[in-house]
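Observations on the three-dimensional arrangement
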2 protein chains.
Amino acid sequence: MTRNFKVKMSYLGTNYHGFQIQDNAVTVQQTVEEVLSSLLCENIKIQGCSRTDTGVHAREFYFNFFTSNTINERGIIFGGNARLPEDIALLSCEQADNDFHARYNCKGKEYEYIVHNSEIKSPFLSDRAYKSWYPIDEKKLDSAAKLFVGEHDFKAFCSTDCDKENTVRTIYSFDVTREGELVKFKVHGNGFLYNMVRILVGTLLFINDGKISEKDMERIFLSKDRTLAGKTVPPHGLYLNRVFY
Amino acid sequence: MTRNFKVKMSYLGTNYHGFQIQDNAVTVQQTVEEVLSSLLCENIKIQGCSRTDTGVHAREFYFNFFTSNTINERGIIFGGNARLPEDIALLSCEQADNDFHARYNCKGKEYEYIVHNSEIKSPFLSDRAYKSWYPIDEKKLDSAAKLFVGEHDFKAFCSTDCDKENTVRTIYSFDVTREGELVKFKVHGNGFLYNMVRILVGTLLFINDGKISEKDMERIFLSKDRTLAGKTVPPHGLYLNRVFY
(Lines give C-alpha, C1' and ligand atoms only; values in the text may rest on other atoms or scores of the structure.)
Protein backbone atom coordinates (compact mmCIF):
# COMPACT_ATOMS: atom_id res chain seq x y z
CA MET A 1 0.00 0.00 0.00
CA THR A 2 1.37 3.41 -0.93
CA ARG A 3 0.94 6.16 1.66
CA ASN A 4 1.30 9.93 1.29
CA PHE A 5 3.18 11.65 4.12
CA LYS A 6 3.07 15.36 4.92
CA VAL A 7 6.28 16.46 6.64
CA LYS A 8 7.13 19.73 8.40
CA MET A 9 10.80 20.65 8.12
CA SER A 10 13.15 23.49 9.08
CA TYR A 11 16.48 24.46 7.56
CA LEU A 12 19.29 26.96 7.66
CA GLY A 13 19.75 27.89 4.01
CA THR A 14 23.35 29.12 4.19
CA ASN A 15 24.94 26.00 2.71
CA TYR A 16 22.30 25.26 0.06
CA HIS A 17 21.52 26.56 -3.41
CA GLY A 18 17.89 26.89 -2.41
CA PHE A 19 15.27 24.21 -2.00
CA GLN A 20 14.67 22.96 -5.51
CA ILE A 21 16.81 20.26 -7.06
CA GLN A 22 19.45 21.37 -9.59
CA ASP A 23 21.97 19.64 -11.78
CA ASN A 24 25.20 21.06 -10.43
CA ALA A 25 24.61 22.39 -6.93
CA VAL A 26 23.65 21.02 -3.52
CA THR A 27 20.03 21.79 -2.64
CA VAL A 28 17.74 20.98 0.27
CA GLN A 29 15.46 18.86 -1.91
CA GLN A 30 18.33 16.69 -3.14
CA THR A 31 19.72 16.26 0.39
CA VAL A 32 16.34 15.23 1.81
CA GLU A 33 15.53 12.89 -1.10
CA GLU A 34 18.87 11.09 -0.72
CA VAL A 35 18.32 10.63 3.02
CA LEU A 36 14.72 9.41 2.68
CA SER A 37 15.64 7.10 -0.22
CA SER A 38 18.36 5.56 1.93
CA LEU A 39 16.08 5.31 4.96
CA LEU A 40 13.10 3.83 3.07
CA CYS A 41 15.05 1.68 0.61
CA GLU A 42 13.22 3.08 -2.40
CA ASN A 43 13.61 6.04 -4.73
CA ILE A 44 11.84 8.91 -2.94
CA LYS A 45 10.82 12.16 -4.65
CA ILE A 46 9.51 14.94 -2.42
CA GLN A 47 7.09 17.74 -3.37
CA GLY A 48 7.90 21.02 -1.61
CA CYS A 49 5.40 23.72 -0.67
CA SER A 50 7.54 26.42 -2.26
CA ARG A 51 10.89 27.24 -3.77
CA THR A 52 13.39 29.18 -1.73
CA ASP A 53 16.43 31.04 -3.09
CA THR A 54 20.05 30.28 -2.28
CA GLY A 55 20.78 31.28 1.31
CA VAL A 56 17.12 31.74 2.33
CA HIS A 57 16.08 29.94 5.55
CA ALA A 58 12.90 28.11 6.53
CA ARG A 59 11.57 27.92 10.06
CA GLU A 60 8.60 25.97 8.68
CA PHE A 61 8.52 24.26 5.30
CA TYR A 62 6.20 21.43 4.21
CA PHE A 63 6.71 18.69 1.70
CA ASN A 64 4.89 15.47 0.86
CA PHE A 65 6.09 12.17 -0.55
CA PHE A 66 4.73 8.72 -1.34
CA THR A 67 6.21 5.51 0.01
CA SER A 68 5.26 1.84 0.07
CA ASN A 69 7.60 1.29 3.05
CA THR A 70 5.68 0.36 6.24
CA ILE A 71 7.70 2.77 8.44
CA ASN A 72 5.70 4.86 10.93
CA GLU A 73 5.78 8.65 11.44
CA ARG A 74 8.26 8.49 14.33
CA GLY A 75 10.58 6.34 12.23
CA ILE A 76 10.58 8.92 9.45
CA ILE A 77 11.34 11.79 11.84
CA PHE A 78 14.00 10.13 13.96
CA GLY A 79 15.54 8.04 11.16
CA GLY A 80 15.59 11.09 8.89
CA ASN A 81 17.04 13.46 11.48
CA ALA A 82 19.81 11.03 12.40
CA ARG A 83 20.91 10.91 8.75
CA LEU A 84 20.34 14.55 7.75
CA PRO A 85 23.07 17.18 8.26
CA GLU A 86 22.76 19.51 11.26
CA ASP A 87 21.28 22.35 9.19
CA ILE A 88 18.14 20.44 8.12
CA ALA A 89 15.60 19.05 10.60
CA LEU A 90 12.34 17.15 10.18
CA LEU A 91 9.99 18.61 12.80
CA SER A 92 6.84 16.50 12.44
CA CYS A 93 5.13 14.08 10.09
CA GLU A 94 1.61 12.86 9.48
CA GLN A 95 -0.12 10.64 6.96
CA ALA A 96 -2.18 12.69 4.49
CA ASP A 97 -4.90 11.90 1.94
CA ASN A 98 -3.45 10.60 -1.29
CA ASP A 99 -4.52 13.77 -3.11
CA PHE A 100 -2.67 16.07 -0.71
CA HIS A 101 -0.07 18.14 -2.60
CA ALA A 102 2.25 20.37 -0.57
CA ARG A 103 2.25 23.17 -3.17
CA TYR A 104 -1.23 23.05 -4.71
CA ASN A 105 -2.98 22.78 -1.32
CA CYS A 106 -1.03 25.66 0.23
CA LYS A 107 -3.41 28.52 1.09
CA GLY A 108 -0.84 31.09 2.14
CA LYS A 109 2.62 31.74 3.48
CA GLU A 110 4.24 34.05 5.98
CA TYR A 111 7.78 35.33 5.52
CA GLU A 112 9.96 37.22 7.96
CA TYR A 113 12.86 39.39 6.85
CA ILE A 114 15.37 40.39 9.54
CA VAL A 115 17.55 43.49 9.32
CA HIS A 116 20.33 43.97 11.86
CA ASN A 117 20.24 47.74 12.19
CA SER A 118 23.60 48.61 13.74
CA GLU A 119 26.93 50.20 12.97
CA ILE A 120 28.64 47.17 14.51
CA LYS A 121 28.37 43.64 13.12
CA SER A 122 27.37 40.68 15.28
CA PRO A 123 29.22 37.32 15.00
CA PHE A 124 25.94 35.60 15.89
CA LEU A 125 23.93 37.16 13.03
CA SER A 126 26.29 36.55 10.13
CA ASP A 127 24.30 34.75 7.38
CA ARG A 128 21.13 35.15 9.50
CA ALA A 129 20.24 38.83 9.15
CA TYR A 130 20.97 41.62 6.66
CA LYS A 131 23.15 44.26 8.29
CA SER A 132 22.15 47.83 7.53
CA TRP A 133 23.74 50.57 9.60
CA TYR A 134 21.54 53.47 8.38
CA PRO A 135 18.94 54.18 11.13
CA ILE A 136 15.57 52.61 10.33
CA ASP A 137 12.33 54.33 11.35
CA GLU A 138 10.28 51.17 11.95
CA LYS A 139 7.08 53.10 12.75
CA LYS A 140 7.24 54.91 9.42
CA LEU A 141 7.91 51.64 7.57
CA ASP A 142 5.15 49.80 9.43
CA SER A 143 2.77 52.46 8.17
CA ALA A 144 4.19 52.32 4.62
CA ALA A 145 3.99 48.50 4.58
CA LYS A 146 0.21 48.78 4.76
CA LEU A 147 0.26 50.18 1.19
CA PHE A 148 1.06 46.63 0.02
CA VAL A 149 -1.84 45.02 1.91
CA GLY A 150 -4.77 43.84 -0.23
CA GLU A 151 -5.05 42.47 -3.77
CA HIS A 152 -2.59 44.10 -6.18
CA ASP A 153 -0.73 43.39 -9.39
CA PHE A 154 2.82 43.01 -8.07
CA LYS A 155 4.47 42.99 -11.52
CA ALA A 156 6.69 45.96 -10.50
CA PHE A 157 7.73 44.10 -7.35
CA CYS A 158 9.03 40.83 -8.74
CA SER A 159 12.20 39.81 -10.55
CA THR A 160 12.23 40.45 -14.30
CA ASP A 161 13.08 36.72 -14.49
CA CYS A 162 9.64 35.91 -13.09
CA ASP A 163 7.83 33.70 -15.60
CA LYS A 164 4.33 33.90 -14.07
CA GLU A 165 1.61 35.32 -16.38
CA ASN A 166 -0.66 36.25 -13.48
CA THR A 167 1.17 38.63 -11.18
CA VAL A 168 -1.85 39.50 -9.01
CA ARG A 169 -1.41 38.45 -5.38
CA THR A 170 -3.13 39.24 -2.08
CA ILE A 171 -1.20 40.40 0.98
CA TYR A 172 -3.17 39.79 4.18
CA SER A 173 -0.84 41.61 6.57
CA PHE A 174 2.54 43.31 6.53
CA ASP A 175 4.05 44.51 9.81
CA VAL A 176 7.38 46.10 10.65
CA THR A 177 8.55 45.91 14.27
CA ARG A 178 11.76 46.44 16.20
CA GLU A 179 13.38 44.25 18.87
CA GLY A 180 16.51 46.09 19.96
CA GLU A 181 18.89 46.20 16.97
CA LEU A 182 16.69 43.85 14.93
CA VAL A 183 14.02 45.23 12.59
CA LYS A 184 11.59 42.52 11.50
CA PHE A 185 9.42 42.65 8.38
CA LYS A 186 6.63 40.07 8.60
CA VAL A 187 4.40 39.58 5.56
CA HIS A 188 1.52 37.11 5.10
CA GLY A 189 -0.06 36.54 1.70
CA ASN A 190 -1.76 33.98 -0.51
CA GLY A 191 1.33 33.68 -2.68
CA PHE A 192 4.55 35.45 -3.59
CA LEU A 193 6.30 36.03 -6.92
CA TYR A 194 9.99 35.45 -7.60
CA ASN A 195 12.06 37.72 -5.27
CA MET A 196 8.87 39.56 -4.28
CA VAL A 197 9.43 39.63 -0.49
CA ARG A 198 13.01 40.80 -0.93
CA ILE A 199 11.89 43.58 -3.32
CA LEU A 200 9.04 44.68 -1.01
CA VAL A 201 11.51 44.96 1.89
CA GLY A 202 14.02 46.73 -0.38
CA THR A 203 11.32 49.20 -1.42
CA LEU A 204 10.48 49.92 2.23
CA LEU A 205 14.18 50.53 2.92
CA PHE A 206 14.23 52.95 -0.04
CA ILE A 207 11.28 54.76 1.59
CA ASN A 208 13.26 54.84 4.85
CA ASP A 209 16.23 56.37 3.06
CA GLY A 210 14.09 58.93 1.19
CA LYS A 211 14.85 57.40 -2.24
CA ILE A 212 11.15 56.58 -2.80
CA SER A 213 8.19 58.44 -1.31
CA GLU A 214 5.00 56.77 -0.11
CA LYS A 215 3.23 58.97 -2.65
CA ASP A 216 5.13 57.22 -5.47
CA MET A 217 3.71 53.81 -4.62
CA GLU A 218 0.50 54.00 -6.62
CA ARG A 219 2.46 55.12 -9.68
CA ILE A 220 4.94 52.23 -9.23
CA PHE A 221 2.10 49.68 -8.93
CA LEU A 222 0.46 51.04 -12.11
CA SER A 223 3.75 51.22 -14.06
CA LYS A 224 4.42 47.47 -13.61
CA ASP A 225 8.05 48.55 -14.02
CA ARG A 226 10.56 46.67 -11.80
CA THR A 227 13.12 49.46 -12.18
CA LEU A 228 10.95 51.92 -10.22
CA ALA A 229 10.79 49.76 -7.08
CA GLY A 230 13.57 49.38 -4.48
CA LYS A 231 16.56 47.06 -4.61
CA THR A 232 16.38 43.32 -3.97
CA VAL A 233 17.76 42.88 -0.45
CA PRO A 234 20.09 39.88 0.10
CA PRO A 235 18.66 36.41 0.72
CA HIS A 236 20.31 35.64 4.08
CA GLY A 237 17.88 37.84 6.07
CA LEU A 238 14.82 35.96 4.74
CA TYR A 239 12.91 33.23 6.58
CA LEU A 240 9.92 31.25 5.37
CA ASN A 241 8.14 31.47 8.69
CA ARG A 242 4.75 29.75 8.38
CA VAL A 243 2.83 27.82 5.72
CA PHE A 244 -0.96 27.66 5.80
CA TYR A 245 -3.17 24.80 4.58
CA MET B 1 53.55 58.03 22.81
CA THR B 2 52.36 54.53 23.57
CA ARG B 3 48.70 54.18 24.53
CA ASN B 4 46.90 51.25 26.17
CA PHE B 5 43.50 50.40 24.63
CA LYS B 6 40.77 48.35 26.29
CA VAL B 7 38.58 46.65 23.66
CA LYS B 8 35.27 44.81 24.05
CA MET B 9 34.85 42.02 21.51
CA SER B 10 32.37 39.26 20.67
CA TYR B 11 32.95 36.03 18.79
CA LEU B 12 31.36 32.81 17.64
CA GLY B 13 33.84 30.17 18.75
CA THR B 14 32.86 27.42 16.29
CA ASN B 15 35.74 27.93 13.89
CA TYR B 16 38.46 28.61 16.47
CA HIS B 17 40.64 26.50 18.72
CA GLY B 18 39.78 28.78 21.60
CA PHE B 19 41.07 32.25 22.38
CA GLN B 20 44.68 31.72 23.25
CA ILE B 21 47.38 31.60 20.60
CA GLN B 22 48.72 28.15 19.67
CA ASP B 23 51.42 26.89 17.35
CA ASN B 24 49.37 24.75 15.00
CA ALA B 25 45.75 25.89 15.14
CA VAL B 26 43.75 29.00 14.32
CA THR B 27 42.73 30.92 17.44
CA VAL B 28 40.85 34.15 18.12
CA GLN B 29 43.95 35.79 19.60
CA GLN B 30 46.06 35.07 16.52
CA THR B 31 43.31 36.29 14.18
CA VAL B 32 42.86 39.57 16.07
CA GLU B 33 46.60 40.17 16.44
CA GLU B 34 47.13 39.70 12.70
CA VAL B 35 44.32 42.15 11.88
CA LEU B 36 45.45 44.80 14.37
CA SER B 37 49.08 44.45 13.31
CA SER B 38 48.04 45.02 9.70
CA LEU B 39 45.78 47.93 10.64
CA LEU B 40 48.28 49.66 12.92
CA CYS B 41 51.45 48.85 10.94
CA GLU B 42 53.24 47.45 13.98
CA ASN B 43 53.52 44.11 15.75
CA ILE B 44 50.51 44.02 18.11
CA LYS B 45 50.14 41.58 21.01
CA ILE B 46 46.81 41.50 22.82
CA GLN B 47 46.14 40.49 26.43
CA GLY B 48 42.82 38.66 26.85
CA CYS B 49 40.65 38.68 29.96
CA SER B 50 40.37 34.92 29.91
CA ARG B 51 41.00 31.76 27.97
CA THR B 52 38.13 30.06 26.24
CA ASP B 53 38.09 26.46 25.01
CA THR B 54 37.69 25.35 21.40
CA GLY B 55 34.12 26.00 20.28
CA VAL B 56 33.18 28.23 23.25
CA HIS B 57 31.57 31.57 22.33
CA ALA B 58 31.91 35.04 23.82
CA ARG B 59 29.15 37.63 23.83
CA GLU B 60 31.51 39.91 25.75
CA PHE B 61 35.26 39.48 25.96
CA TYR B 62 37.83 42.16 26.82
CA PHE B 63 41.42 42.52 25.77
CA ASN B 64 43.98 45.29 25.98
CA PHE B 65 46.93 46.18 23.79
CA PHE B 66 49.57 48.89 23.47
CA THR B 67 50.19 50.87 20.31
CA SER B 68 52.21 53.91 19.31
CA ASN B 69 49.96 54.43 16.27
CA THR B 70 47.92 57.65 16.51
CA ILE B 71 44.68 55.97 15.37
CA ASN B 72 41.53 56.88 17.34
CA GLU B 73 39.00 54.53 18.96
CA ARG B 74 36.60 54.64 16.02
CA GLY B 75 39.43 53.80 13.63
CA ILE B 76 40.30 50.70 15.66
CA ILE B 77 36.68 49.50 15.75
CA PHE B 78 35.73 50.15 12.14
CA GLY B 79 39.15 49.37 10.66
CA GLY B 80 39.33 46.18 12.71
CA ASN B 81 35.80 45.01 11.93
CA ALA B 82 36.28 45.58 8.20
CA ARG B 83 39.32 43.27 8.25
CA LEU B 84 38.13 40.65 10.76
CA PRO B 85 36.14 37.59 9.63
CA GLU B 86 32.37 37.65 10.16
CA ASP B 87 32.58 35.55 13.35
CA ILE B 88 34.65 38.08 15.32
CA ALA B 89 33.48 41.63 16.06
CA LEU B 90 35.02 44.51 17.97
CA LEU B 91 32.14 46.13 19.88
CA SER B 92 33.74 49.12 21.59
CA CYS B 93 37.11 50.56 22.49
CA GLU B 94 38.45 53.06 25.01
CA GLN B 95 41.85 54.29 26.08
CA ALA B 96 42.83 52.88 29.48
CA ASP B 97 45.49 53.67 32.06
CA ASN B 98 48.84 52.17 31.16
CA ASP B 99 48.64 49.76 34.08
CA PHE B 100 45.26 48.32 32.99
CA HIS B 101 45.59 44.57 32.35
CA ALA B 102 42.55 42.75 30.93
CA ARG B 103 43.14 39.60 33.01
CA TYR B 104 44.64 40.88 36.28
CA ASN B 105 42.06 43.66 36.63
CA CYS B 106 39.09 41.38 35.96
CA LYS B 107 36.88 41.20 39.09
CA GLY B 108 34.45 38.57 37.89
CA LYS B 109 32.84 36.84 34.94
CA GLU B 110 29.41 35.59 34.02
CA TYR B 111 28.93 32.54 31.82
CA GLU B 112 25.75 31.22 30.23
CA TYR B 113 25.35 27.61 29.20
CA ILE B 114 22.46 26.84 26.85
CA VAL B 115 20.82 23.42 26.59
CA HIS B 116 18.32 22.78 23.80
CA ASN B 117 15.96 20.44 25.59
CA SER B 118 14.04 18.74 22.80
CA GLU B 119 13.66 15.43 21.02
CA ILE B 120 14.01 17.26 17.71
CA LYS B 121 17.14 19.13 16.63
CA SER B 122 17.03 22.73 15.41
CA PRO B 123 19.05 23.82 12.34
CA PHE B 124 19.42 27.24 13.97
CA LEU B 125 21.00 25.95 17.19
CA SER B 126 23.64 23.63 15.76
CA ASP B 127 27.03 24.64 17.32
CA ARG B 128 25.19 27.16 19.54
CA ALA B 129 23.46 25.00 22.15
CA TYR B 130 23.92 21.51 23.60
CA LYS B 131 21.01 19.28 22.60
CA SER B 132 19.69 17.06 25.37
CA TRP B 133 16.39 15.31 24.79
CA TYR B 134 15.86 14.01 28.35
CA PRO B 135 13.30 16.30 30.08
CA ILE B 136 14.96 18.86 32.34
CA ASP B 137 13.30 20.02 35.57
CA GLU B 138 14.64 23.56 35.57
CA LYS B 139 13.06 24.44 38.92
CA LYS B 140 14.80 21.51 40.61
CA LEU B 141 18.13 22.44 39.01
CA ASP B 142 17.73 26.13 39.88
CA SER B 143 17.40 25.04 43.49
CA ALA B 144 20.36 22.62 43.25
CA ALA B 145 22.53 25.30 41.57
CA LYS B 146 22.39 27.31 44.81
CA LEU B 147 24.55 24.60 46.43
CA PHE B 148 27.48 25.99 44.40
CA VAL B 149 26.93 29.60 45.50
CA GLY B 150 29.47 30.99 47.95
CA GLU B 151 33.18 30.35 48.52
CA HIS B 152 34.17 26.73 47.94
CA ASP B 153 37.14 24.62 46.96
CA PHE B 154 36.11 23.53 43.45
CA LYS B 155 38.91 20.97 43.05
CA ALA B 156 36.31 18.22 42.35
CA PHE B 157 34.69 20.43 39.70
CA CYS B 158 37.63 21.23 37.45
CA SER B 159 39.55 19.28 34.84
CA THR B 160 42.29 17.03 36.16
CA ASP B 161 44.50 18.98 33.71
CA CYS B 162 43.94 22.12 35.79
CA ASP B 163 47.33 23.43 36.92
CA LYS B 164 46.10 25.96 39.51
CA GLU B 165 47.33 25.40 43.07
CA ASN B 166 44.53 27.43 44.62
CA THR B 167 41.19 25.92 43.59
CA VAL B 168 39.04 28.05 45.91
CA ARG B 169 36.61 30.28 44.01
CA THR B 170 33.51 32.28 44.90
CA ILE B 171 30.25 31.90 42.99
CA TYR B 172 28.03 34.97 43.44
CA SER B 173 24.94 33.60 41.70
CA PHE B 174 23.87 30.55 39.73
CA ASP B 175 20.42 30.49 38.14
CA VAL B 176 18.69 27.96 35.90
CA THR B 177 15.76 29.20 33.82
CA ARG B 178 13.73 27.99 30.87
CA GLU B 179 12.67 29.86 27.71
CA GLY B 180 10.62 27.39 25.70
CA GLU B 181 12.90 24.54 24.63
CA LEU B 182 16.01 26.37 25.90
CA VAL B 183 17.29 25.81 29.43
CA LYS B 184 19.80 28.47 30.44
CA PHE B 185 22.42 28.06 33.18
CA LYS B 186 23.79 31.46 34.19
CA VAL B 187 26.68 31.57 36.65
CA HIS B 188 28.55 34.60 37.97
CA GLY B 189 31.75 34.24 39.98
CA ASN B 190 35.08 35.83 40.79
CA GLY B 191 36.92 33.28 38.68
CA PHE B 192 36.56 29.84 37.13
CA LEU B 193 38.92 26.87 36.89
CA TYR B 194 39.65 24.88 33.73
CA ASN B 195 36.36 23.31 32.47
CA MET B 196 34.64 24.33 35.72
CA VAL B 197 31.45 25.80 34.23
CA ARG B 198 31.01 22.81 31.94
CA ILE B 199 31.48 20.41 34.88
CA LEU B 200 29.08 22.37 37.12
CA VAL B 201 26.41 22.19 34.38
CA GLY B 202 27.18 18.51 33.78
CA THR B 203 26.79 17.85 37.51
CA LEU B 204 23.41 19.59 37.55
CA LEU B 205 22.33 17.46 34.56
CA PHE B 206 23.43 14.35 36.51
CA ILE B 207 21.20 15.55 39.38
CA ASN B 208 18.37 15.99 36.87
CA ASP B 209 18.88 12.42 35.64
CA GLY B 210 19.09 10.98 39.18
CA LYS B 211 22.74 9.95 38.77
CA ILE B 212 23.82 12.28 41.59
CA SER B 213 21.68 13.40 44.54
CA GLU B 214 21.76 16.88 46.03
CA LYS B 215 22.70 15.16 49.29
CA ASP B 216 25.95 13.92 47.65
CA MET B 217 27.20 17.41 46.96
CA GLU B 218 28.89 18.11 50.28
CA ARG B 219 30.71 14.79 50.03
CA ILE B 220 31.85 15.58 46.48
CA PHE B 221 33.15 19.02 47.52
CA LEU B 222 35.09 17.47 50.40
CA SER B 223 36.47 14.58 48.32
CA LYS B 224 38.14 16.97 45.83
CA ASP B 225 37.72 14.02 43.46
CA ARG B 226 36.84 14.97 39.87
CA THR B 227 35.48 11.47 39.16
CA LEU B 228 32.59 11.97 41.60
CA ALA B 229 31.18 15.04 39.82
CA GLY B 230 29.13 15.01 36.60
CA LYS B 231 30.40 14.85 33.04
CA THR B 232 31.97 17.78 31.22
CA VAL B 233 29.25 19.01 28.87
CA PRO B 234 30.36 20.00 25.34
CA PRO B 235 31.85 23.45 24.67
CA HIS B 236 29.44 24.65 21.98
CA GLY B 237 26.67 25.49 24.50
CA LEU B 238 28.93 27.81 26.52
CA TYR B 239 29.01 31.60 26.24
CA LEU B 240 31.26 34.01 28.12
CA ASN B 241 28.46 36.48 28.79
CA ARG B 242 29.81 39.37 30.83
CA VAL B 243 33.17 40.45 32.25
CA PHE B 244 33.37 42.71 35.30
CA TYR B 245 36.05 45.28 36.11
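It is worth spelling out helix α4 (residues 196–208) of chain A at this point. The α-helix advances 3.6 residues per turn, and as a result positions three or four apart in sequence lie on the same side. Residues and elements named next belong to chain A. Along its 13 residues, α4 runs 18 Å from first to last C-alpha, staying within 8% of the 18 Å computed at 1.5 Å per residue. Burial runs high along α4: 13 of the 13 residues are buried. Once α4 ends, the next one or two residues include Gly 210, with phi positive near 80 degrees.

Here the focus is unusual backbone geometry. Residue and element names in this part refer to chain B. Unlike most non-glycine residues, Asn 195 shows phi in positive territory, near 70 degrees. Structurally, Asn 195 is set in the loop between β9 (182–189) and α4 (196–208). Unusually for a residue other than glycine, Lys 224 sits at a positive phi of about 55 degrees. Its place among the elements puts Lys 224 in the loop between α5 (217–223) and β10 (238–244). Since its relative accessible area comes to 46%, Lys 224 is described here as partly exposed.

Another aspect to go through is the side chain of Ser50(B). Residue and element names in this part refer to chain B. Relative to the elements of secondary structure, Ser 50 occurs in the loop between β2 (47–48) and β3 (57–67). Looking at Ser 50, its side chain comes within polar contact range of the side chain of Lys 109, at 3.1 Å. When neighbours within four sequence positions are excluded, Ser 50 is seen to be in contact with Phe 19, Phe 61, Lys 109, Tyr 111 and Leu 240.

All names here are of chain A. Tracing the backbone through its elements, the reader meets Lys 6 in strand β1 (residues 3–11). Among buried charged residues, Lys 6 stands out as having no salt bridge; its nearest opposite-charge side chain is Glu 94, 4.7 Å away. In contact with Lys 6, not counting residues within four places along its chain, are Tyr 62, Phe 63, Asn 64, Ser 92, Cys 93, Glu 94, Ala 96, Phe 100 and Tyr 245.

Attention shifts here to the domain arrangement of chain A. Residue and element names in this part refer to chain A. According to the domain assignment, chain A contains domain 1 (3–96) and domain 2 (108–244). A straight line from the C-alpha centre of domain 1 to that of domain 2 covers 28 Å. Tallying the contact residues gives 15 residues for domain 1 and 17 residues for domain 2. Summed over both partners, the interface of domain 1 with domain 2 comes to about 1,300 Å²; 50% of that surface belongs to carbon and sulfur atoms. Counting the surface domain 1 buries against domain 2, the share from its top three residues, His 57, Arg 59 and Glu 60, is 45%. Here domain 1 is connected to domain 2 by two salt bridges. Close ionic contact of Arg 59 with Glu 112 constitutes a salt bridge, the shortest N to O distance being 3.2 Å.

In this section: the relation of the copies chain A and chain B. Of the transformation placing chain A onto chain B, the axial shift is 0.0 Å and the rotation is 180 degrees, giving an RMSD of 0.0 Å. Seen this way, the second copy is the image of the first under a two-fold rotation axis. Considering only C-alpha atoms, the residue of chain A closest to the rotation axis is Phe124(A), which sits at 5.4 Å. When the interface residues of chain A are mapped onto chain B, 100% of them are again interface residues, pointing to one common binding face.

Under the criterion given, the structure shown has 22 salt bridges over all chains. Between Glu119(B) and Arg74(A) there is a salt bridge, and its shortest N-O distance comes to 2.9 Å. Note that Glu119(B) is positioned in the loop between β5 (108–116) and β6 (130–131) and Arg74(A) in helix α2 (residues 73–83), a pairing that runs across two chains. We classify Glu119(B) as partly exposed; its relative accessible area is 39%.

Before going further, it helps to examine the pairing of β9(B). The buried fraction of β9(B) is high, at six of eight residues. The hairpin turn running from strand β8 (residues 168–179) of chain B into β9(B), its antiparallel successor, is two residues long, and Gly180(B) in that turn takes a positive phi close to 65 degrees.

Taken residue by residue, the interface counts 27 residues in chain A and 27 residues in chain B. Overall, the association of chain A and chain B removes approximately 2,000 Å² of surface from exposure, summing both partners, and the carbon and sulfur fraction of that is 58%. The largest per-residue losses of area from chain A upon contact with chain B belong to Lys121(A), Pro123(A) and Phe124(A), which jointly make up 37% of the total buried on that side. Here chain A is connected to chain B by two salt bridges. Counting every contact that joins chain A to chain B gives 12 residue pairs in polar contact (both at pLDDT 80 or more). The set of elements that each furnish at least two residues to the side of chain A that touches chain B consists of β1, β3 (57–67), α2 and β4 (88–96) of chain A. Residues of the side of chain A that touches chain B, tallied by class, amount to 15 nonpolar, five polar and seven charged.

Attention now goes to the environment of Asp153(A). Residue and element names in this part refer to chain A. By the secondary structure assignment, Asp 153 is in strand β7 (residues 150–153). Overall, Asp 153 belongs to the partly exposed group, its relative accessible area being 21%. Note: C-alpha distance between Asp 153 and Thr 170 (17 residues apart in sequence) is 8.7 Å. Each residue touching Asp 153, except ones within four places of it in the same chain, is listed here: Thr 167, Val 168, Phe 221 and Lys 224. A distance of 2.6 Å separates a polar atom in the side chain of Asp 153 from a polar atom in the side chain of Thr 167. Here the side chain of Asp 153 touches Lys 224 through a polar contact of 3.3 Å, side chain to side chain.

Of the residues making up helix α2 (residues 73–83) of chain B, those classed as buried are Ile76(B), Ile77(B), Gly79(B), Gly80(B) and Asn81(B). Close packing links the buried residues of α2(B) with β1 (3–11), α1 (28–40), β3 and β4 (88–96) of chain B.

Residues and elements named next belong to chain B. Close contact between helix α3 (residues 138–145) and α4 brings their axes to 10 Å; oriented N to C, the two are set at 130 degrees. Our classification of the angle between α3 and α4 gives oblique. Between α3 and α4 lies a crossing whose hand is right-handed. On the side of α3, the interface is formed by Lys 140, Leu 141, Ala 144 and Ala 145, while α4 contributes Leu 204, Leu 205, Ile 207 and Asn 208. Partitioning the contact of α3 with α4 into residue classes produces six nonpolar, one polar and one charged.

The rules behind the values
- Residues numbered from 1 in each chain as written.
- Chains lettered and ligands numbered in written order.
- Predicted model: local features only at pLDDT ≥ 70, side-chain atom pairs only at ≥ 80, totals over all residues.
- Heavy atoms only, no water.
- Helix = DSSP H or I, 4+ residues; strand = E, 2+ residues; numbered from the N terminus.
- Expected span 1.5 Å × (residues − 1).
- Buried < 20%, exposed > 50% of the residue type's maximum accessible area, 1.4 Å probe, protein only.
- Polar contact = N/O pair within 3.5 Å; in protein donor to acceptor, adjacent residues only side chain to side chain.
- Contact = heavy atoms within 4.5 Å.
- Lys, Arg positive; Asp, Glu negative; His and termini not counted.
- Salt bridge = Lys/Arg side-chain N within 4 Å of Asp/Glu carboxyl O.
- Domains from an automatic or database assignment.
- Buried area = accessible area lost by both parts, 1.4 Å probe.
- Least-squares fit on C-alpha atoms with pLDDT ≥ 70 in both.
- Pairing = 2+ DSSP bridges.
- Nonpolar A, V, L, I, M, F, W, Y, C, P; charged D, E, K, R; others polar.
- Axes fitted to C-alpha atoms, helices over the stretch in contact; angles between N-to-C directions.
- Parallel < 35°, antiparallel > 145°, perpendicular 65-115°, else oblique.
- Left-handed = near helix turned anticlockwise from the far one by under 90°.

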